[in-house]
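# Commentary on secondary and tertiary structure
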Amino acid sequence: MAVLNKEHKSSTFTKLFGEPDKLIPLYNAVSGNNYPLDTHVEIKMLDNVLFKGRYNDLSFVIDNHLVCLIEHQSTISQNLPLRLAVYWAKLIDILVSSDNVYSSRLVKIPHPEFIVLYNGEQEFPDEHILRLSDAFEKIPETTKLCGSLELTVKVLNINKGHNENILKRDTTLDEYAIFIETIRSNRNSGMSLEEAIVEAIKQCVNKKILEKFLREHGAEVVGMLVTEWDWDAYVRVQRNEGRLEGREEGIFSVACNLLTKNISIDIIREATGLSIKEIESLQKA
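Nothing here was measured: the structure is a model prediction, and the numbers come from that model.

With that settled, consider the pairing of strand β3 (residues 65-72). Judged by how many residues are buried, β3 sits mostly within the fold: seven of eight residues are covered. Here six bridges tie strand β2 (residues 57-62) to β3, and the two strands are oriented antiparallel to one another. When the bridges of β3 are listed, aspartate 57 appears paired with isoleucine 70.

So this is what it looks like as structure tokens:
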């Protein structure tokens, strides 16, 4: 079995589910399949394609399926199908030799499947389908097309209280949902983000929720989640204020905020896409 590329920068989600013994049950739960744990899985990861500074995707080939499975905490973007189309094209470019594309023989490629697991704070249905065709410019109804393209993305809400049948199929996914919910509950009680995460780790370990994972990776999880949630907060502000052109300024703001929390430069570099030199200059400012 292939395992997660250790050079790939992890989010809490990819850290938890990035090994076959956790990935296969997760995929079975969200897809309705029943692959045994010894099923061959080949994990294919792309760095920093979907979201700048975010590494919350798990891309893998299983039984001739090329599955792009993504955790998404921010508001669901209608551009996800477009992003995934780009993502899929880059993966296929890696999987298929450019020489083979120009041969007369049909080149077989894995069947693509796109799944997004939503655990953000806004209300969202249990299941929703996004289509690339919704982004297509309108054309006259009389126009005759000789060919077209479609890409569909299944979005599943994995917050507690949603899709309980899916959560019941995978204990790890269910416990992950409880862990995220515990962090939010702590924050709502007035704790800072870092305090809420640290306390949630203690609470979940005491209740034997993700106990082994949190005992082994607790400190790393704190750093990753602070980074992830600070980034999500930044994205929400940008969307609410409509200041996409102010993105670069916002990235520096996020980096400065993380520095004040004593987050390591390596993690900040992964989260923001800034160079070490740029971050160190902010540290000295």
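Now for the environment of leucine 16. Residue position: leucine 16 is located in helix α1 (residues 12-17). Between the C-alpha atoms of leucine 16 and tyrosine 176, which are 160 residues apart in sequence, the distance is 8.8 Å. Excluding its chain neighbours within four sequence positions, the residues that come into contact with leucine 16 are Lys22, Thr172, Tyr176, Leu210 and Phe213.

As a further point, take the packing of aromatic side chains. Applying the stated rule across the entire model yields six aromatic pairs. An aromatic cluster is built from Phe13, Phe17 and Tyr176, whose rings are joined through pairwise contacts.

This brings us to the side chain of serine 59. Relative to the helices and strands, serine 59 is located in strand β2. In terms of polar contacts, serine 59 uses its side chain to reach the side chain of tyrosine 87, at 2.4 Å. Excluding residues that lie within four positions of it along the chain, serine 59 makes contacts with Glu42, Ile43, Lys44, Met45, Val67, Cys68, Tyr87 and Leu91.

Next up on the list: the environment of leucine 66. Looking at where leucine 66 falls in the secondary structure, it is placed in strand β3. Here leucine 66 falls in the buried class, since its relative accessible area comes to 0%. Expressed as a C-alpha distance, the spacing of leucine 66 and glutamate 42, which sit 24 residues apart in the sequence, is 9.3 Å. For leucine 66, the contacting residues outside a window of four places in its chain are Phe60, Val61, Trp88, Leu91, Ile92, Leu95, Pro110, His111, Pro112 and Glu113.

Another point: helix α2 (residues 20-31). Working note: α-helix, 3.6 residues per turn, so residues spaced by three or four point in the same direction. Taking 1.5 Å per residue, twelve residues should reach 16 Å; α2 reaches 16 Å between its end C-alpha atoms and fits that length. In the stretch just after α2, glycine 32 is the one whose phi turns positive, near 85°.

Now for the confidence of the model for the protein. Averaged over all residues, the pLDDT of the protein equals 83, while 84% of them reach at least 70. Contacts of residues 241-246 to residues separated by more than four positions or lying in other chains number five contacts, the stretch itself having pLDDT below 50.

To continue, consider the sheet that holds strand β5 (residues 127-131). Spatially, β1-β2-β3-β4-β6-β5 is the arrangement adopted by the six strands of the open sheet, whose pairing is mixed. Looking along the sheet, the strands with just one partner apiece sit at the ends: β1 (41-43) and β5. Each strand of the sheet is rotated relative to its neighbour by a mean of 25°, with strand direction disregarded. Lying over the sheet, α2 contacts β1, β2, β3, β4 (111-118) and β6 (152-157), oriented at roughly 90° with respect to β4. In the packing of helix α3 (residues 80-95) onto the sheet, contacts are made with β2, β3, β4, β5 and β6, and the angle to β3 comes to roughly 135°.

A few words now on the nonpolar core. With 56 residues, the main nonpolar core has Val30 and Phe179 as its most contacted residues. Residue contributions to this core peak at eight residues, all from helix α8 (residues 211-241). Contacts of valine 30, omitting those with residues within four sequence positions, involve Leu69, Ile115, Leu117, Leu156, Ile166 and Leu173. Residues Ile70, Leu80, Leu91 and Val116 belong to the second largest nonpolar core, which totals 22 residues.

Okay, the packing of helix α6 (residues 171-188) against helix α7 (residues 193-206) next. At their nearest, the axes of α6 and α7 sit 8 Å apart, and the two run at 130° to each other. Comparing the axis directions of α6 and α7 gives the class oblique. Viewed along their axes, α6 and α7 form a crossing whose handedness is right-handed. Within the contact between the two elements, α6 uses Phe179, Thr182, Ile183, Asn186 and Arg187 and α7 uses Leu193, Ala196, Ile197, Glu199, Ala200, Ile201, Gln203 and Cys204. When grouped by side-chain class, the residues that make up the contact of α6 with α7 number eight nonpolar, three polar and two charged.

Basis of the calculations
Residues numbered from 1 in each chain as written. Predicted model: local features only at pLDDT ≥ 70, side-chain atom pairs only at ≥ 80, totals over all residues. Heavy atoms only, no water. Buried < 20%, exposed > 50% of the residue type's maximum accessible area, 1.4 Å probe, protein only. Helix = DSSP H or I, 4+ residues; strand = E, 2+ residues; numbered from the N terminus. Pairing = 2+ DSSP bridges. Contact = heavy atoms within 4.5 Å. Phe/Tyr/Trp six-rings, centres within 6.5 Å; stacked < 30°, edge-to-face > 60°. Polar contact = N/O pair within 3.5 Å; in protein donor to acceptor, adjacent residues only side chain to side chain. Expected span 1.5 Å × (residues − 1). pLDDT = per-residue confidence, 0-100. Axes fitted to C-alpha atoms, helices over the stretch in contact; angles between N-to-C directions. Core = buried A, V, L, I, M, F, W, Y, C linked by side-chain atoms within 4.5 Å. Parallel < 35°, antiparallel > 145°, perpendicular 65-115°, else oblique. Left-handed = near helix turned anticlockwise from the far one by under 90°. Nonpolar A, V, L, I, M, F, W, Y, C, P; charged D, E, K, R; others polar.

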